Amino acid sequence: MMGRDLGIARRWDRVVDGYQSSSRPVKIVAVTLVLVLAYALPLLRPPIITTQSIDFGGVMFRVIAFALVALGLNIVIGYAGLLDLGYVGFYACGAYTTAVLTTYHWHWPFFLALPVAILVTMVTGVVLGAPTLRVRGDYLAIVTLGFGEIIRITVTNVEWLGAAAGIKDIAHPNNIGKAPTPPFDPGGMFAIPRLTWQGFVPTVDHKHETHVLIFGALDAIPYYWLVLTVLILVLIGDRLIKASRVGRAWEATREDEDAAELMGVQTFKYKLMAFALGAAIGGLSGSFYASSQSGYINPLSFPLLLSMLFVASVIVGGAGNRWGAIAGGALVAYLPERFRDFADYRLLVFGLALTVLAVWRPEGLLPPRRTRRAKKAEAQIEALEEGELDEVDHA
């Protein structure tokens, strides 16, 4: 049973091991092909995965934004072992900071407001974590849950933040290239056509081109490219910090906080660092959400359910594995949109899929290697014990 449960993870390990053992030119070619496919996906619109009842570019933007959030929350849950049920609060802080700075009270350019939004959410994470990270387990979960609700109630009642009406016409990221000149010139550096499919036969669609890099309400693909680029940069930073002394301290704290304290690890310091870093990535994703196609946010954009979906992304993908978190975030964002044709039942299908996955693979789609090694060792011990019992019975 365990072999079947971990088959996907083992195949993924073989892919990773094959990549690591390859020569440098092969690695460069493989990474280049994967990146080209990732950037071209909303233009290729593969017939099996594309969505017909909703813009596929918008779906891909939501998918990559969820993956970015899951990567940040994985630092808190997967690396440091802290259960955060109010992560949507940091997401909202980043979104509202961007909205206030670019539209509601000031008129900053988006890329000037972005680092401020990250800083604000990081400070918010420190302010929340400093008094609360001394508690553990369910108590920490309750505190963070309350934090998420406090943020939502605050933005609902504070007129300076738009109150219940929210904030509209939020500034988009700065265009790159020739500015649009309505009604006929869409601007941009150049235009890329998309593919349309008749069954499995592709044709080039020149009527619906994506203009690089023009950010507006008509096309979500430039937003997807921007967030995908940010995700790659965050992924590189995640890998570096996980392999550092900080990452080892997080792992020691997660496995046994008391033992880590006895070995000289300043667990509170490193937990606070994980909380702040996770909050910063959540605020980063929230900032992109606020300035996306619609350019509108309100308190209903940040319900408690969104926090549950963020946590589900990490758990479904495999807490502690960065690739698992990305896969989980993409899956949780994509499934409801893929079943939008069954509007009355799509959330039911989504819930059933998550339930089946939780039962079939409780450790997630791509659990970290330490989890698989532990399960393998446990199975071997059980097999040895059963063999010894059999020998005793035969004697």
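Residues numbered from 1 in each chain as written. Predicted model: local features only at pLDDT ≥ 70, side-chain atom pairs only at ≥ 80, totals over all residues. Heavy atoms only, no water.

Asker: Hey, could you run me through the overall build of the protein in this one?
Answerer: A count of helical and extended segments in the protein gives 15 helices and two strands. Over its C-alpha trace the protein gives a radius of gyration of 23 Å, about what one expects of a compact globule, namely 21 Å for 395 residues. Viewed in the frame of its principal axes, the protein has a C-alpha envelope of about 90 × 55 × 50 Å. Expressed as a percentage of its 395 residues, the buried residues of the protein come to 45%. Long-range pairs, those at least 24 residues apart, make up 72% of the contacts in the protein with a sequence separation of at least 6. In the protein, the 33 positive side-chain charges and the 32 negative ones have mean positions that sit 8 Å from each other. (Helix = DSSP H or I, 4+ residues; strand = E, 2+ residues; numbered from the N terminus. Rg over C-alpha atoms; globule rule 2.2 N^0.38 Å. Buried < 20%, exposed > 50% of the residue type's maximum accessible area, 1.4 Å probe, protein only. Contact = heavy atoms within 4.5 Å. Lys, Arg positive; Asp, Glu negative; His and termini not counted. Charge placed at Lys NZ, Arg CZ, Asp CG, Glu CD.)

Asker: Help me out: how do you make sense of the side chain of asparagine 298 in this one?
Answerer: Topologically, asparagine 298 is positioned in the loop between helix 11 (267-290) and helix 12 (304-317). A polar contact is formed between the side chain of asparagine 298 and the backbone nitrogen of leucine 300, at a distance of 2.9 Å. In this structure asparagine 298 touches Tyr96, Ala164, Ala165 and Gly166, once residues within four positions along its chain are discounted. (Polar contact = N/O pair within 3.5 Å; in protein donor to acceptor, adjacent residues only side chain to side chain.)

Asker: Where do I start with helix 7 (residues 137-157) in this structure?
Answerer: Since one α-helical turn is 3.6 residues long, residues separated by three or four positions face the same way. Taking 1.5 Å per residue, 21 residues should reach 30 Å; helix 7 reaches 31 Å between its end C-alpha atoms and fits that length. Buried residues of helix 7: Leu140, Ala141, Thr144, Phe147, Gly148, Ile151 and Val155, and no others. The arc that holds every buried residue of helix 7, seen down its axis, measures 115°, which confines them to one face. Structural note: helix 7 exposes Asp138, Tyr139, Ile142, Ile150 and Asn157 on the side pointing more than 90 degrees away from its buried face. (Expected span 1.5 Å × (residues − 1). Arc of directions from axis to C-beta.)

Asker: Looking at this structure, how should I read unusual backbone geometry?
Answerer: Trans is the prevailing form of peptide bonds, just as negative phi is the prevailing case for residues other than glycine. In the segment running from valine 212 into leucine 213, the intervening peptide bond is cis, with an omega of -20°. Looking at the secondary structure, you find leucine 213 in the loop between strand 2 (201-212) and helix 8 (221-242). With phi around 50°, arginine 45 is a residue other than glycine that occupies positive phi space. Of the residues examined, arginine 45 reaches a relative accessible area of 18% and is grouped as buried.

Asker: I'm lost on helix 6 (residues 110-132) in this one. Help?
Answerer: When the terminal C-alpha atoms of helix 6 are compared, their 33 Å separation across 23 residues agrees well with the 33 Å that a helix rising 1.5 Å per residue should span. Along helix 6, the residues classified as buried are Phe110, Ala113, Leu114, Ala117, Thr121, Thr124, Gly125, Leu128, Gly129 and Thr132. Residues of helix 6 that are buried make contact with helix 5 (88-104), helix 7 and helix 11.

Asker: Just checking my understanding: could you explain the pairing of strand 1 (residues 190-198) for this structure?
Answerer: Here is the key point about a regular strand: its side chains alternate between the two faces of the sheet. Pairing analysis gives eight bridges linking strand 1 to strand 2, with the strands arranged antiparallel. The residue bridging tryptophan 197 from the neighbouring strand is proline 202, located in strand 2. Hairpin geometry of strand 1 and strand 2 is characterised by an intervening segment of two residues between the two adjacent antiparallel strands and by a positive phi of about 70° at glycine 199. (Pairing = 2+ DSSP bridges.)

Asker: What am I meant to see in a nonpolar patch on the surface here?
Answerer: A contiguous nonpolar surface patch, about 490 Å² in accessible area, is contributed by Trp106, Trp108, Leu112, Val158 and Trp160. Note that tryptophan 106 resides in the loop between helix 5 and helix 6. The exposure class assigned to tryptophan 106 is partly exposed, which follows from its relative accessible area of 41%. (Patch = residues over 30% accessible without salt bridge, like charges linked within 9 Å, V, L, I, M, F, W, Y side chains within 5 Å. Areas by Shrake-Rupley, 256 points an atom, 1.4 Å probe, with all protein chains shown as cover. Salt bridge = Lys/Arg side-chain N within 4 Å of Asp/Glu carboxyl O.)

Asker: For this particular structure, what's the right way to read the environment of leucine 41?
Answerer: Following the sequence through the fold, leucine 41 ends up in helix 3 (residues 24-44). Setting aside anything within four residues of it in sequence, one finds leucine 41 in contact with Pro46, Ile49, Phe56, Met60 and Tyr224.

Asker: It is not clear to me how the packing of aromatic side chains should be interpreted in this structure. Could you clarify?
Answerer: A ring pair, where both rings are aromatic, is described by two values, the distance of the centres and the angle of the planes. One pass over the full model with this rule turns up 16 aromatic pairs. Centre to centre, the rings of phenylalanine 61 and tyrosine 223 are 6.1 Å apart; their planes meet at 70°, and the pair counts as edge-to-face. Pair noted here: phenylalanine 61 is in helix 4 (residues 56-79) and tyrosine 223 is in helix 8, with a separation of 162 residues, a long-range link. Each member of the aromatic cluster is reached from another via a ring pair, and the members are Phe66, Tyr87, Phe90, Tyr91, Tyr96, Phe147, Phe275, Tyr289, Phe302 and Phe310. Note that arginine 134 overlies the ring of phenylalanine 268, its terminal NZ or CZ placed 4.0 Å from the centroid. A cation sits over an aromatic face here: lysine 242 above tyrosine 79, 5.2 Å from the ring centre. (Phe/Tyr/Trp six-rings, centres within 6.5 Å; stacked < 30°, edge-to-face > 60°. Lys NZ or Arg CZ within 6 Å of the ring centre and 35° of its normal.)

Purely geometric stuff here, so don't read any function into it on its own.
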